[in-house]
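Read off the chains here:
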Amino acid sequence: MNYYSLNNKAPKVSFKEAVIKGLAPDKGLYFPEKITPLPKEFIDTINQYSNEEIAYQAIKQFVGDEIPEKELKQIIKETLCFDFPIEKIEENLYSLELFHGPTMAFKDVGARFMARCLGYFNKENKNRDITVLVATSGDTGGAVASGFLGVDGVRVVILYPSGKVSDIQEKQLTTLRRNITALEVNGVFDDCQDMVKTAFLDEELISENLTSANSINIARWLPQMFYFFFAYKQLKKLNKELTFSVPSGNFGNICAGIMAYKLGLPVKHFVASTNINDTVPKYLESGKYEAKPSKQTISNAMDVGNPSNFIRIQNLFDNDLELLKSMFSSSSYTDNETKEAMRKIYKQSGYVADPHGAVGYLGLKKHLNGAQNNLGVFLETAHPVKFLDVVEETLHIKVPIPEQITAVMDQSKVSVAVDNYEDLKSYLLNR
């Protein structure tokens, strides 16, 4: 499988090269040269397969022969070491829980898969470390830190916006040490993301062997297809048309869902549910894409004003706005609406949703609008404990602290202050 840049001004590369480079030399995101749908028989009998078998069938064409079957299956086994349960919230509406991994966020899947791919590719190159440079608006940092912790030949540098991630999220990315370093940026997530993209294109940093673990990297992005298949497997017996609502910030997660659809997964519609960072909802209304500075909200992982992966979604629909709108919609919600949804969900079902899941619920309810034949799933992308203050203050409950979180709460934070790109570059060159 070859990958090309969506800016179309860079050479095609292999899966290995795309993973290691992260971003193409022309600043474009890598995209697979072709997508071959899975056999209909496989989809029709999906409930006969294990999650590991489903994941292997979904990903193998994108990896090709660059990782042998035995090793790829082992990578998948180590990636999927936790459950992906479906919980019924109300009639025809379900939550897909993606927070049962080590850092209690959906990004554990992509981070663990990518870490193991990089470890495999770098095992014969012990004299040259790879530096993983990643920006986070919340959960990416912790998932990447956990996924890459102790991986030989890989150093991880995480940029996060100071004061704009939750206390638990900050603990998860600043307390592990070893081969993990956290850079605390005086700015917002978009500043962190811009610094990462600039570093990739800085010729003076070529010797640092940089790659990214954001969802711009294909090895972080593509494995997120898996749990859309897992959800379908669990709900197939209900024999109803399926709509997914995905809380969306950088739009990598929903883009992976659309990839699953392109592979043959039966999905009627995708809803990209956002907070007040509404660049994509506004684009669908006006036809004009206008990136804007991000705004801080209680659903901070979605505080993105210029979502990187939306260009991949446009490409999947041949850059045809009307074709995109036939399968994809997007709506935005305020913090007050998010809190009200959290209260409604808890009152009706006793289910505790985090702010991101609540936004997904709102988008799903708006789209379904009482349609009886439709089955809706919103993605619960993080455990409520990751947003403890907001959840407890909104619902007036005490959230039990899971073991994964207790393990980091008493650890001391260690971070490096960064004000601008020159600070980042200096750190990378002089550490």
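Thresholds applied
Residues numbered from 1 in each chain as written. Predicted model: local features only at pLDDT ≥ 70, side-chain atom pairs only at ≥ 80, totals over all residues. Heavy atoms only, no water. UniProt positions renumbered as here; feature names shortened; annotations may be inferred. Helix = DSSP H or I, 4+ residues; strand = E, 2+ residues; numbered from the N terminus. Buried < 20%, exposed > 50% of the residue type's maximum accessible area, 1.4 Å probe, protein only. Contact = heavy atoms within 4.5 Å. Phe/Tyr/Trp six-rings, centres within 6.5 Å; stacked < 30°, edge-to-face > 60°. Axes fitted to C-alpha atoms, helices over the stretch in contact; angles between N-to-C directions. Parallel < 35°, antiparallel > 145°, perpendicular 65-115°, else oblique. Nonpolar A, V, L, I, M, F, W, Y, C, P; charged D, E, K, R; others polar. Pairing = 2+ DSSP bridges.

Going by an unreviewed UniProt entry, the chain carries the name Threonine synthase and comes from Zhouia spongiae. In its Pathway (unreviewed entry) section, the UniProt record describing the chain reads: "Amino-acid biosynthesis; L-threonine biosynthesis; L-threonine from L-aspartate: step 5/5."

What follows covers the UniProt feature "domain: Threonine synthase N-terminal" (unreviewed entry) in the chain. UniProt marks residues 2-79 with the feature "domain: Threonine synthase N-terminal" (unreviewed entry), using the numbering shown here. Within residues 2-79, the helical portion is 46% and the strand portion 12%, while the C-alpha atoms at the span's ends are 24 Å from each other.

A few words now on unusual backbone geometry. A positive phi angle, close to 65 degrees, is found at Asn 92, a residue other than glycine. Here Asn 92 shows up in the loop between strand E4 (86-90) and strand E5 (93-97). By relative accessible area, Asn 92 is classed as buried at 9%. Even without being a glycine, Met 104 presents a positive backbone phi close to 60 degrees.

It is worth spelling out helix H7 (residues 167-174) at this point. Of all 8 residues in H7, 7 are buried; the element is thus mostly enclosed. Residues Ile 168, Gln 169, Glu 170, Lys 171, Gln 172, Leu 173 and Thr 174 constitute the buried set of H7. Of the surrounding secondary structure, the elements contacted by the buried residues of H7 are helix H6 (139-148), strand E7 (154-161), strand E8 (180-185) and helix H18 (403-409).

This next bit is on the packing of aromatic side chains. Considering all chains together, one arrives at 21 aromatic pairs under this definition. Seen in terms of ring centroids, Tyr 120 and Phe 121 are 5.8 Å apart; in terms of plane orientation they differ by 65 degrees. Their pairing is edge-to-face. The interplanar angle of 15 degrees and the centroid separation of 6.2 Å between the aromatic rings of Phe 244 and Phe 270 together place this pair among those described as stacked. Taken together, the positions of Phe 244 in strand E10 (residues 241-247) and Phe 270 in strand E11 (residues 269-274) put the pair 26 residues apart, joining distant regions of the chain. What makes Phe 244 buried here is its relative accessible area of 0%.

When helix H12 (residues 279-286) is considered as a whole, its buried residues turn out to be Thr 279, Val 280, Pro 281, Tyr 283 and Leu 284. Contacts from the buried residues of H12 go to E11, helix H13 (310-316), helix H14 (321-327) and strand E12 (328-332). Gly 287 sits one or two residues past H12 and shows a positive phi near 80 degrees.

With that settled, consider the packing of helix H15 (residues 335-349) against helix H16 (residues 355-368). Two numbers describe how H15 lies on H16: the axes approach to 8 Å, and their chain directions differ by 85 degrees. Compared by their axis directions, H15 and H16 come out roughly perpendicular. Side by side, H15 and H16 meet where Glu 337, Thr 338, Ala 341, Met 342, Lys 344, Ile 345 and Gln 348 of the first sit next to Pro 355, Ala 358, Val 359, Tyr 361, Leu 362 and Lys 365 of the second. Its residues assigned to classes, the contact of H15 with H16 shows 8 nonpolar, 2 polar and 3 charged.

Before going further, it helps to spend a moment on the sheet that holds strand E3 (residues 30-32). Reading across the sheet, the 3 strands line up as E2-E1-E3 and stay open at both edges, with antiparallel pairing between neighbours. Strands at the two margins of the open sheet, each flanked by one partner only, are strand E2 (13-14) and E3. Sheet topology places strand E1 (residues 2-5) next to E3; 3 bridges connect them, and they run antiparallel. Looking at E3, one finds that Tyr 4 is bridged to Phe 31.

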